[in-house]
Amino acid sequence: QKVASPTSTCRFSRPQVFHLQSAQHPRKLPKMTTKINVRPDGVGVLTLCNPPVNSLASSLMESMDANFQKLATDPAVKAIVITGEGNFFCGGAEISEFGKMTSKGPDGFGPDESPVKALTDVFDKVDACPKTVVAAVNGMALGGGLETALACHYRIGLASVSVGLPEVTLGLLPGGEGTQRIPRVAPLEVFLPMLLTGAPLNAAKAHKAGILDAIVKSNVVDEAAKFALSMPPNPISKRPVLAATRFKALGGALEMTLNQASQKAKGMIAPAAIIKCVEAACSNISFEEGVKEEGRQFKKLLFSVQSAALRHLFFSERLANKVPGLKEKPAPIKKVGIVGAGLMGTGIAICFIQKGVPVILKDAKQEWLDAGMKNIVKIWSGKVAKGRLPAEKAKGYEALIKPTLKYEDFADCDIIIEAVPEIMSLKKEVFQALDKHTKPGTLICTNTSGLNIDEIAAVLKDPSRCMGTHFFSPANVMQLLENVRTSKASDATVATCMQMGKMINKKAVLVGNCDGFVGNRMLAPYASEAKQLIEDGATIEQVDRAAQDFGMAMGPMTLGDLVGQELFWKQRKAAGDMNKQTKTYMGPYELTDWLCEQGRFGLKTPDPKIGANGRGIYIHRG
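The structure presented is a predicted model; accordingly, all values stated were derived computationally and were not measured.

(A) Spotlight on the overall build of the protein chain. Within the protein chain, the regular secondary structure consists of 24 helices and 20 strands. For 622 residues, the compact-globule estimate of 2.2 N^0.38 gives 25 Å, and the protein chain sits close to it at 28 Å. The C-alpha extent of the protein chain, read off along each of the three principal axes, is 85 × 55 × 50 Å. Positive and negative side-chain charges in the protein chain, numbering 76 and 60 respectively, have mean positions lying 2 Å apart.

In structure tokens:
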């Protein structure tokens, strides 16, 4: 693809289609199956066997269909229990098979035929079984996994399980009759957020909502078998939607919820499709007609560009965690050192502290250290005030951080992340000091957003213990972590940094050591075009609003204030070239340079004279 020049306008004549083949591993999958056995008490047990999450691959569904019919027609079987192998009930559909469905095209299915008809046909047989069928939910039941459980007449779950319908995160909706069954067991205020956000429920909440009929501490299959023998069949398809749910739906609750969802997920089409399915469930049409509407809406979403992109992202994120050829095991991280108590350093510190890892936070001056500690405490205090964090836990967090002015306090740290300003000479000075005051096995990493890390690492006696760990601001919020592999970084160093990303719930991606790595090479032309639009006459508000209407969490000008307008300004000054133009430095610079010269860097530069918490492109208050 061509890269646009800093001042050019990029236009696409049609939506870009994402090809999923490489990300979905089109290899031949091993045959997934189910197994059955009949207990002495006459209860037949069908177990889903597709480790690690027992996903509903087509071969598993074929096996489930055949084995369920054996149990249903066996006169010796009095009742049936469905469970999952291992510690997982079922993680839902085998997403890699969606590519086969989309290869047929929308016309490859009948007008009312769902692309997952093979799945729903099996669920209909479970639902219509004349023998009582109970789901023994032995682990997480997500997406099609929860729909499998809802196809059963009852559900018994371990106290440790959780259930959810996360299809919306893939631009889809529950296509296994879930949008029609869950309104028949759970109240609207419970199931609607599940459908629209994908957020799971723990066992206690699922039980209270009616999704689980009982919770047990152990022996879930035994308890489910007892339950099955004591209860008559009670298919959800024959139950009416809860009266309160119908009343709320008719009273405008669905429209109001859709408006709220549209504000949070701008431009996404799945929420509206989900609401249409719920409307069908709450109307006077039959369960079977509601299922047809679900199938129509599922098909539209499956063939949408949005779902294709989100499925591509799903697989890509998982592939990013895997480093080909890396066999070294990561070293344990029991204590972390951070150099720099600014916005980035404190954000990184919070990531580790909230995972129970002690942090040594260093800065060069006491006032800088005090300001950093104040910012950290302020974040936790804000969560306490909003009821999102217990006060005792916040105090426990504070006890895990030790502020210091001494490099000597890093002596027993397992990894140290430098987060000082983007000045090469300063970073080299810090690394030389760290080399003197750390144990030989300690990893010394830099949070630089674009400086040559090989040059920084060269000052170390052992550069193999160095690589880049580029967090994005604010580090305690943003999920992305660019782990930058240097020319001399050891495999153990790479393995440890990748594992570190998982430990603090980041989406760690291994990238090469080049100008701007990957993230900033993507952001530079985006920010450049935004500034050029303003130079050409658009207002700052128009530019940011356009980005937000498109679906961005914030506009590019607001983002600049959040990250810090001075970041690249200082780098260009240090390089002695204020007109620098590369893949990560793109003008026009006039507006942001003027702001930086006035000391207006954004959120990190408050202005007490006007009561502003920060001042940059915008004046920030509150």
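(B) Quick look at the nonpolar core. Grouped together as the largest cluster of nonpolar side chains are 91 residues, with contacts concentrated most on Phe68, Ile80, Ile82, Leu146, Ile182 and Ile211. Non-local contacts of Ile211, meaning those with residues more than four positions away in its chain, are made with Leu146, Arg155, Val163, Ile182, Val185, Ala186, Met194, Leu201 and Ala206.

(C) Summary view of the environment of Leu434. Examined against the element boundaries, Leu434 turns out to sit in helix α17 (residues 424–436). Distance in space between the C-alpha atoms of Leu434 and Ser528 is 37 Å, their sequence separation being 94 residues. With near-sequence residues (within four places) excluded, Leu434 lies in contact with Val339, Tyr407, Phe410, Ile416 and Ile444.

(D) The arrangement of the sheet that holds strand β12 (residues 359–362) in detail. Taken in spatial order, the eight strands of this open sheet run β13-β12-β11-β14-β15-β16-β17-β18, and their pairing is mixed. Lying at the two open borders of the sheet, with one neighbouring strand each, are β13 (401–404) and β18 (507–512). Ignoring strand direction, the axes of neighbouring strands in this sheet form an average angle of 25 degrees. Along the sheet, helix α15 (residues 366–385) contacts β12 and β13; its crossing angle with β13, the most-contacted strand, is approximately 160 degrees.

(E) Quick peek at empty space enclosed by the protein. Going through the model one piece at a time under the given rule, you end up with two cavities of 30 Å³ or more. Empty space within the largest cavity amounts to approximately 40 Å³. Lining the largest cavity are Lys531, Ile534, Glu535, Pro588, Tyr589, Glu590, Leu591 and Thr592. Elements represented by at least two residues in the lining of the largest cavity include exactly α20 (519–535) and α24 (590–597).

(F) Summary view of the pattern of salt bridges. If you walk through the whole model with that rule in mind, you get 25 salt bridges. With a shortest N-O distance of 2.8 Å, Glu189 and Lys248 are connected by a salt bridge. You can see Glu189 sitting in helix α6 (residues 188–197) and its partner Lys248 sitting in helix α9 (residues 243–250), a full 59 residues away along the chain. Since its relative accessible area comes to 48%, Glu189 is described here as partly exposed. In this structure, the salt-bridge partner of Glu418 is Lys427, at a minimum N-O distance of 2.4 Å.

(G) The side chain of Arg39, seen in detail. Mapped onto the fold, Arg39 is located in the loop between β1 (33–38) and β2 (43–49). Within the structure, the side chain of Arg39 is placed 3.0 Å from the side chain of Asp41, a separation counted as a polar contact. Those residues in contact with Arg39 that lie beyond four places of it in its chain are Val45, Val221, Asp222 and Ala225.

(H) Quick peek at the state of the cysteines. Scanning the entire structure with this criterion turns up zero disulfides. Cysteine Cys351 shares no disulfide, and the gap to the nearest cysteine sulfur, in Cys497, comes to 14 Å. Residue class for Cys351 comes out buried when judged on its relative accessible area of 8%.

(I) Broad picture of helix α23 (residues 566–575). For α23, the set of buried residues is Glu566, Trp569, Gln571 and Arg572. Close packing links the buried residues of α23 with α24. Looking one or two places after α23, you find Gly576, whose phi comes out positive at around 75 degrees.

(J) Looking closely at the side chain of Asp561. Structurally, Asp561 can be placed in helix α22 (residues 556–563). Buried charge without a partner: Asp561 forms no salt bridge, and the closest opposite charge is Arg600, 7.2 Å away. A distance of 3.0 Å separates the side chain of Asp561 from the side chain of Gln565, its partner in a polar contact. In this structure Asp561 touches Phe601, Gly602, Leu603, Gly616, Ile617, Tyr618 and His620, once residues within four positions along its chain are discounted.

(K) Structural context of the confidence of the model for the protein chain. Residues with a pLDDT of 70 or more make up 95% of the protein chain, whose mean pLDDT is 92. A low-confidence stretch, residues 1–29 (pLDDT under 50), is modelled with 38 contacts involving residues beyond four sequence positions or located in other chains.

(L) Up close: the packing of α6 against helix α11 (residues 270–282). Axis separation between α6 and α11 bottoms out at 9 Å; the angle between their running directions is 145 degrees. Here α6 and α11 pass one another in a crossing that is right-handed. Here Phe191, Leu192, Leu195 and Leu196 of α6 come into contact with α11, specifically with Pro271, Ile274, Ile275 and Val278. Class assignment of the residues belonging to the contact of α6 with α11 gives a composition of eight nonpolar, no polar and no charged.

(M) Looking closely at the sheet that holds strand β5 (residues 133–137). The mixed open sheet is built from six strands, whose spatial order is β1-β2-β3-β5-β7-β10. Only two strands of the sheet have a single partner each, and these edge strands are β1 and β10 (214–216). In this sheet, adjacent strand axes meet at a mean angle of 25 degrees when their direction is disregarded. The pairing of strand β7 (residues 154–158) with β10 spans three bridges and is classified as parallel. In the sheet register, Leu158 faces β10, and the bridge partner there is Val216. Where helix α1 (residues 58–73) meets the sheet, it contacts β1, β2, β3 (79–84) and β5, and its direction lies at approximately 15 degrees from that of β1. Here helix α4 (residues 144–151) sits on the sheet and contacts β3, β5 and β7; the angle it forms with β7, its principal contact strand, is near 130 degrees.

(N) Structural detail: the packing of aromatic side chains. Scanning all chains against the criterion turns up eight aromatic pairs. Considering the side-chain rings of Phe98 and Phe298, the 6.4 Å spacing of their centres and the 80 degrees angle between planes classify their relative orientation as edge-to-face. Taken together, the positions of Phe98 in helix α2 (residues 98–103) and Phe298 in helix α12 (residues 287–302) put the pair 200 residues apart, joining distant regions of the chain. Look at Phe314 and Phe315: their rings are 5.2 Å apart centre to centre, the planes differ by 90 degrees, and that puts the pair in the edge-to-face class.

(O) Structural detail: the pairing of β2. Most of β2 is tucked away: seven of the seven residues are buried. Because side chains alternate across β2, one face comprises the buried residues Val43, Val45, Thr47 and Cys49, and the other comprises Gly44, Leu46 and Leu48, equally buried. Pairing geometry for β1 and β2, over six bridges, is antiparallel. Of the residues in β2, the one forming a bridge with Val38 is Gly44. One ladder, built from six bridges, connects β2 with β3; its direction is parallel.

Thresholds, definitions, all that
Residues numbered from 1 in each chain as written. Predicted model: local features only at pLDDT ≥ 70, side-chain atom pairs only at ≥ 80, totals over all residues. Heavy atoms only, no water. Helix = DSSP H or I, 4+ residues; strand = E, 2+ residues; numbered from the N terminus. Rg over C-alpha atoms; globule rule 2.2 N^0.38 Å. Lys, Arg positive; Asp, Glu negative; His and termini not counted. Charge placed at Lys NZ, Arg CZ, Asp CG, Glu CD. Core = buried A, V, L, I, M, F, W, Y, C linked by side-chain atoms within 4.5 Å. Buried < 20%, exposed > 50% of the residue type's maximum accessible area, 1.4 Å probe, protein only. Contact = heavy atoms within 4.5 Å. Pairing = 2+ DSSP bridges. Axes fitted to C-alpha atoms, helices over the stretch in contact; angles between N-to-C directions. 1 Å grid on protein atoms, 1.4 Å probe; cavity = no way out; pocket = protein on both sides within 12 Å on 5 of 7 lines; lining within 4 Å. Points joined across faces, edges and corners; volume = space filled by probe spheres on them. Salt bridge = Lys/Arg side-chain N within 4 Å of Asp/Glu carboxyl O. Polar contact = N/O pair within 3.5 Å; in protein donor to acceptor, adjacent residues only side chain to side chain. Disulfide = S-S within 2.5 Å. pLDDT = per-residue confidence, 0-100. Left-handed = near helix turned anticlockwise from the far one by under 90°. Nonpolar A, V, L, I, M, F, W, Y, C, P; charged D, E, K, R; others polar. Phe/Tyr/Trp six-rings, centres within 6.5 Å; stacked < 30°, edge-to-face > 60°.

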